[in-house]
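# Coordinate inspection notes
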Amino acid sequence: MARMSASPSDQSDAALYRLKAARLESLCRRRSDEFGCHGWEHIARVRALAAAIGRLEGADPAIVDASAIFHDTMRSEEDHALASARFAESTLLREGFSAAFAAAVYGAVSSHSFSAGRPAETIEAKVLADADRLDAMGAIGIYRTVQYNLEHGFPAARVAAHIRDKLLKLPALMHTSSARGMAMARLPALQSYLSALESELLDASSSR
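Chains are numbered independently. Their residues run from 1 in the order of the written sequence. Where local features are concerned, this predicted model is filtered to residues with pLDDT of at least 70; where side-chain atom pairs are given and counted, the filter is 80 or more; whole-chain, interface and lining totals use all residues. Remark: hydrogens and water are excluded; side-chain values derive from all non-hydrogen atoms of the structure.

Note on definitions: salt bridges are taken to be side-chain nitrogens of Lys or Arg within 4 Å of carboxyl oxygens of Asp or Glu. Within the structure shown, the criterion is met by 13 salt bridges. Arg75 is the salt-bridge partner of Asp72, the closest N and O atoms lying 3.6 Å from each other. The shortest N-O distance in the salt bridge between Glu198 and Arg164 comes to 2.6 Å. Pair noted here: Glu198 is in helix H9 (residues 177-206) and Arg164 is in helix H8 (residues 156-165), with a separation of 34 residues, a long-range link. Buried, partly exposed and exposed residues are distinguished by accessible area as a fraction of the type maximum, computed with a 1.4 Å probe on protein chains only: under 20%, between the cut-offs, and over 50%, respectively. Of the residues examined, Glu198 reaches a relative accessible area of 32% and is grouped as partly exposed. Through salt bridges with shared partners, a single network forms among Glu25, Arg29, Glu34, Arg47 and Asp65. Only runs of H or I of at least four residues qualify as helices and only runs of E of at least two qualify as strands under DSSP, and these elements are numbered from the N terminus.

See the structure below:
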């Protein structure tokens, strides 16, 4: 059963978001590469996943959407989640949104990163975190892991290690039952690719 949002936007925020969504999207898109592991293609997928999960879980759609488009805007910062949250909050306040709306987006964006260790406290924060993790699973997760390796000059063995040590554990880390079901559906692709990759890496090393 869907749960009601713990931090619903009021009618004026919802109306203002519908009015300014395209402007905010353009602003966020300019801060990102079009393609890449954390490029706009990733943000667009997270946005769609968050919307789908949010509908099932009763999350506030405006808070979820704003959180999704802002979540990686400061990706170059050491603590990108916190920096992106601060940028989102200041931008939304400047654009005329209420302090409560801006704070809700801040909370979701600041807690979406697993490595940052900040707990997701609202349903909107949980939805964003789950959507971000889902985009690291399945065939897309493989695509993004390879992208990240190429972007950072890492070897193929690191792809295998990342899938084995992190990505296969993501279903158990989902906050919502909706995302957990989606994650389980993406698990076989990761398992199959990892098995093939480890086998081929072993063949390559034994043939030297």
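Right, let's get into the environment of Ala48. Structurally, Ala48 is set in helix H2 (residues 40-57). The exposure class assigned to Ala48 is partly exposed, which follows from its relative accessible area of 48%. Along the chain, Ala48 and Gly181 lie 133 residues apart, while their C-alpha atoms are 16 Å from each other.

Another point: the packing of aromatic side chains. Whether two aromatic rings pair depends on their centres lying within 6.5 Å, for rings of Phe, Tyr and Trp, where Trp uses its six-membered ring; planes under 30 degrees apart make the pair stacked, over 60 edge-to-face, and the rest tilted. Tallied over the entire structure, the rule returns 5 aromatic pairs. Both rings, one in Tyr17 and one in Phe97, keep their centres 6.2 Å apart while their planes meet at 55°; by these two values the pair is tilted. Taken together, the residues span a long stretch of sequence, with Tyr17 in helix H1 (residues 11-29) and Phe97 in the loop between helix H4 (80-94) and helix H5 (99-110) at a distance of 80 residues. Relative accessible area serves as the criterion here: at 4%, Phe97 is assigned to the buried category. Each residue in the set Tyr17, Phe97 and Phe101 is aromatic and connected to the rest through ring pairs, giving one cluster. Between Arg31 and the ring centre of Phe87, over which it is positioned, the NZ or CZ distance is 4.4 Å. Any Lys NZ or Arg CZ that is within 6 Å of a ring centre and within 35 degrees of that ring's normal is treated as a charge sitting over the ring.

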